[in-house]
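Chains, contacts and geometry: an overview
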Amino acid sequence: MTPEEKEQLKYDCFRFKHLKESKPDAGNEDILQKRCAEYLDNYTNHIWAHIPNEAKRSFALAKHLQKQGMKAGIPDILIFDARLAIELKANKNKPSQAQIGWFKALSSCGWRVCWVNGFDEFLDFLNKNK
């Protein structure tokens, strides 16, 4: 990432955190995921991963991945060093029953979990759980 791109990302992060009315990421989970990933990679030292469960798959491939251990409902972002699990949602969508099940399971293991509708909520959750 070039210094100019880092500056643009820093500006975007600040702008989305403070301008509640301007949320181009709120309607698109892919854009929201990319912004969160860029922020985590470039502005934090967290050990984290995105769990890519959202892709459409053939029935055969889905079964194959399930046999390998893929689980429905696991949160989008797991931050291992801080024990944070974050589910990203667009358009004020809510978690599924499988996702709620993961929230409960992770909470019982000492993880802090949440679902967010936009980049500003993502930053708020991170800042509250440093």
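This text gives an overview of the structure that appears in the document.

What counts as what
Residues numbered from 1 in each chain as written. Predicted model: local features only at pLDDT ≥ 70, side-chain atom pairs only at ≥ 80, totals over all residues. Heavy atoms only, no water. Salt bridge = Lys/Arg side-chain N within 4 Å of Asp/Glu carboxyl O. Buried < 20%, exposed > 50% of the residue type's maximum accessible area, 1.4 Å probe, protein only. Axes fitted to C-alpha atoms, helices over the stretch in contact; angles between N-to-C directions. Helix = DSSP H or I, 4+ residues; strand = E, 2+ residues; numbered from the N terminus. Left-handed = near helix turned anticlockwise from the far one by under 90°. Contact = heavy atoms within 4.5 Å. Nonpolar A, V, L, I, M, F, W, Y, C, P; charged D, E, K, R; others polar. Core = buried A, V, L, I, M, F, W, Y, C linked by side-chain atoms within 4.5 Å. Pairing = 2+ DSSP bridges. Right-handed = clockwise from strand over helix to strand, strands pointing away. Phe/Tyr/Trp six-rings, centres within 6.5 Å; stacked < 30°, edge-to-face > 60°.

**Notes on the pattern of salt bridges**
According to the stated counting rule, one finds one salt bridge in the structure shown. Across the pair K89 and E87 runs a salt bridge whose closest N-O atoms are separated by 3.7 Å. Using a relative accessible area of 10% as the deciding quantity, one classes K89 as buried.

**Topic: the packing of helix α2 (residues 29–43) against helix α5 (residues 119–128)**
The geometry of α2 relative to α5 is characterised by a closest axis approach of 10 Å and an angle of 35° between their N-to-C directions. Like other packed secondary-structure pairs, α2 and α5 cross with a definite hand, here right-handed. Of the residues in α5, those in contact with L32, R35, C36, Y39 and L40 of α2 are F119, F122, L123 and L126. Of the residues assigned to the contact of α2 with α5, the class counts are eight nonpolar, no polar and one charged.

**What to know about the nonpolar core**
In terms of nonpolar packing, the biggest core is built from 19 residues, with I77, I79, I86, F122 and L126 touching the most fellow members. Breaking this core down by element, the ones donating at least two residues are α2, β2 (77–79), β3 (84–88), β4 (112–116) and α5. When residues no more than four places from it in sequence are discounted, the contact partners of I79 are L40, H46, I47, W48, L84, I86, W111 and L126.

**Thoughts on the side chain of K89**
If you trace the backbone, K89 turns up in the loop between β3 and α4 (97–108). When residues no more than four places from it in sequence are discounted, the contact partners of K89 are E29, L32, K94, P95, Q99, W115, V116, N117 and G118.

**Let's talk about the pairing of β3**
Residues in a regular strand project their side chains so that they alternate between the two faces of the sheet. Taking burial as the measure, the five residues of β3 include five buried ones, the bulk of the element. Strand direction decides the pairing type here: β2 and β3, joined by three bridges, are antiparallel. Looking across to β3, one finds that I77 is bridged to I86. Here β2 folds back onto β3 in antiparallel fashion, the turn holding four residues, of which R83 has a positive phi close to 55°. As paired strands, β3 and β4 are joined by five bridges and run parallel to one another. Paired with L84 across the two strands is R112, which belongs to β4. Taking the sense of rotation as the criterion, the β-α-β connection linking β3, α4 and β4 turns out right-handed.

**Quick word on the packing of aromatic side chains**
One pass over the full model with this rule turns up five aromatic pairs. Taken together, a centroid distance of 6.2 Å and an interplanar angle of 90° make the contact between F80 and W111 edge-to-face. On the criterion of sequence distance, the pair formed by F80 in the loop between β2 and β3 and W111 in the loop between α4 and β4 is long-range, its members being 31 residues apart. Taking relative accessible area as the criterion, F80 reaches 41% and is therefore assigned partly exposed. Among the aromatic residues, ring-to-ring pairing joins Y39, Y43, F119 and F122 into one connected group.

**Some details on the environment of P95**
Turning to its location among the elements, P95 is positioned in the loop between β3 and α4. Here P95 falls in the buried class, since its relative accessible area comes to 14%. It is 9.8 Å that separates the C-alpha atoms of P95 and V116, two residues lying 21 residues apart in sequence. Once residues within four sequence positions are removed from consideration, P95 is found in contact with K89, I100, F103 and W115.

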